[in-house]
Amino acid sequence: MANGQANGQWYPPEWPDRIRALADGTLTPVTPRRAATVMLLRDTGDGTAVHMLRRRTSMAFAGGAYAYPGGGVDPRDDDRAIGWAGPTRAWWADRLGVDEAGAQAIVCAAVRETYEEAGVLLAGPTPGSVVGDTTGEDWESDRAALVARDLSFAEFLDRRGLVLRSDLLGAWARWITPEFEARRYDTWFFVAALPEGQRTRNASTEADRTVWITPADAAAGYDKGELLMMPPTIATLRALAEHGTAAEALASAPGRDMTPVLARARLVEGEIELSWPGHDEFTKHVPTTTSATPAGPAPSGPAPSDPTGGAPA
């Protein structure tokens, strides 16, 4: 990361040109794809820790950036046959700001992607239970089939006699990739506690390591320039750091503002001002006379191949 700054911000070198194109009307924004990401929490002797992935350093986009498990909505995630427990689809639709089918798809994507990328499954045989160890060969076979899209999540749950535990999730934030990005995502961030008996592992093909780290330590690493992250990731970490336990974080989720955070780009005195409403620390001024700049804030949405905020937003 050759940015010379005192934090771990990052953005692609092509952004200035794309921002200028958007400003002069030669760039038409693409429609963002819906996605979901989950901040898994567990209580430790040092406080609450969050599970994070590091994108492989060899990846062209945000290589080495830390993020959470997550990904895009699968077209089959709104299958009405899915086993469901917890708040109704109507409740989730109101909370997430979408229709009922969209709410199910987003919640389903959050649970499915967490299982695909971290091996953690927020589901159980009854509305009040959660599966235990999911590391056996038969579980891995099903997880691989989900990743390959050979198996829908509804089929997976039905085959194992499970129901999705939507009550184990708390909606935390919503970030939308900037309009000038070539590939865009509308990402809902959720919080959940690691179920008893389960453990995380690096099951993602796009991550080279995983860590359990307190939000405060992760934010400090970012501030020192030691941990690379995108705005949604560091913003959610700073909010998580305000809570001493996983239960406290989950309890606060219903009161969280779910207004979408969308970056704005405008011309100000010969410079392009890039900002994220409500998050002044990410404001960046880009000269209009240069075609690229090596460093600055990261995209407000997820990486093109990993829509979770650094997921990867």
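See above for the structure.
Residues numbered from 1 in each chain as written. Predicted model: local features only at pLDDT ≥ 70, side-chain atom pairs only at ≥ 80, totals over all residues. Heavy atoms only, no water.

Peer 1: So, the pairing of strand β8 (residues 170-176): which residues are in play, and what are the values?
Peer 2: Most of β8 sits out of view: seven of its seven residues are buried. Inspection of the sheet shows β8 paired to strand β9 (residues 185-193) by six bridges, in the antiparallel sense. When the bridges of β9 are listed, Ala173 appears paired with Phe189. (Buried < 20%, exposed > 50% of the residue type's maximum accessible area, 1.4 Å probe, protein only. Helix = DSSP H or I, 4+ residues; strand = E, 2+ residues; numbered from the N terminus. Pairing = 2+ DSSP bridges.)

Peer 1: An account of the sheet that holds strand β6 (residues 123-124) is needed here, citing residue identities and associated values.
Peer 2: Each strand in a sheet pairs with its neighbour through backbone hydrogen bonds, running either in the same direction (parallel) or in the opposite one (antiparallel). The strand order across the open sheet formed by three strands is β5-β7-β6, and the pairing between neighbours is mixed. Only two strands of the sheet have a single neighbouring strand rather than two, namely β5 (84-85) and β6. Pairing geometry for β5 and strand β7 (residues 163-165), over two bridges, is parallel. Pairing of Ala85 across the sheet is with Arg165, part of β7.

Peer 1: Lay out the packing of aromatic side chains with the relevant residues and their values.
Peer 2: All chains considered together, the criterion is met by eight aromatic pairs. Taking 6.1 Å as the distance between ring centres and 80° as the angle between the ring planes, the aromatic pair formed by Trp276 and Phe282 counts as edge-to-face. Connected via pairs of aromatic rings, a cluster forms that spans Tyr115, Trp139, Phe153 and Phe156. Directly above the ring of Trp84 sits Arg89, whose terminal nitrogen or CZ lies 4.7 Å from the centroid. Over the ring of Trp172 we find Arg256, and its NZ or CZ is 4.3 Å from the ring centre. (Phe/Tyr/Trp six-rings, centres within 6.5 Å; stacked < 30°, edge-to-face > 60°. Lys NZ or Arg CZ within 6 Å of the ring centre and 35° of its normal.)

Peer 1: I'd like to hear about the pattern of salt bridges, residue by residue, with values.
Peer 2: Summed over the entire model, instances satisfying the criterion amount to 16 salt bridges. The partner of Asp17 in a salt bridge is Arg20, and the shortest N-O contact between them spans 2.5 Å. Of this pair, Asp17 and Arg20 both sit in helix α1 (residues 15-23), three residues apart, which is roughly one turn of that helix. The class for Asp17 is partly exposed, based on a relative accessible area of 38%. For Arg20, a relative accessible area of 18% corresponds to the buried category. For the salt bridge of Asp74 with Arg76, the shortest nitrogen-to-oxygen distance reads 3.3 Å. Classification of Asp74 as buried rests on a relative accessible area of 7%. One continuous salt-bridge network, built from bridges that share partners, spans Asp74, Arg76, Asp77, Arg112, Glu113, Glu116 and Arg149. (Salt bridge = Lys/Arg side-chain N within 4 Å of Asp/Glu carboxyl O.)

Peer 1: Kindly report on helix α6 (residues 215-223), identifying the contributing residues and their values.
Peer 2: Among the residues of α6, those classed as buried are Pro215, Ala218, Ala219, Gly221 and Tyr222. The buried side chains of α6 occupy one side of the element, clustering within an arc of 155° when seen end-on. (Arc of directions from axis to C-beta.)

Peer 1: Quick one: what's the story with the pairing of strand β13 (residues 271-276), residue by residue and with numbers?
Peer 2: In terms of residue burial, β13 counts as a mostly covered element, since five of its six residues are buried. In terms of strand pairing, strand β12 (residues 264-268) meets β13 through five bridges, oriented antiparallel. Its bridge partner lying in β13, Arg264 is registered against Ser275. Following β12, the chain reverses through two residues before pairing antiparallel with β13; Glu269 in that reversal takes a positive phi of roughly 50°.

Peer 1: Lay out the packing of helix α4 (residues 137-147) against helix α5 (residues 153-160) in plain terms, naming residues and giving numbers.
Peer 2: Their axes nearest at 10 Å, the elements α4 and α5 cross at an angle of 160°. Between α4 and α5, the angle falls in the class roughly antiparallel. When the axes of α4 and α5 are compared, the crossing they make is right-handed. Contacts from Asp138, Trp139, Asp142 and Leu146 in α4 reach Phe153, Phe156, Arg159 and Arg160 in α5. Residues that form the contact of α4 with α5 fall into these classes: four nonpolar, no polar and four charged. (Axes fitted to C-alpha atoms, helices over the stretch in contact; angles between N-to-C directions. Parallel < 35°, antiparallel > 145°, perpendicular 65-115°, else oblique. Left-handed = near helix turned anticlockwise from the far one by under 90°. Contact = heavy atoms within 4.5 Å. Nonpolar A, V, L, I, M, F, W, Y, C, P; charged D, E, K, R; others polar.)

Peer 1: Now, about the sheet that holds strand β14 (residues 279-287): what can you tell me, with residues and values included?
Peer 2: Taken in spatial order, the three strands make up an open sheet running β12-β13-β14, and their pairing is antiparallel. Edge positions in the open sheet fall to β12 and β14, since each of these has one partner strand only. Put simply, the sheet's adjacent strands are angled 25° from each other on average, direction ignored. In this structure, β13 lies alongside β14, joined through five bridges in antiparallel fashion. By the bridge assignment, Glu273 is partnered in β14 with His285. Sheet strands in contact with helix α7 (residues 231-240) are β13 and β14, and its direction is about 155° off that of β14.

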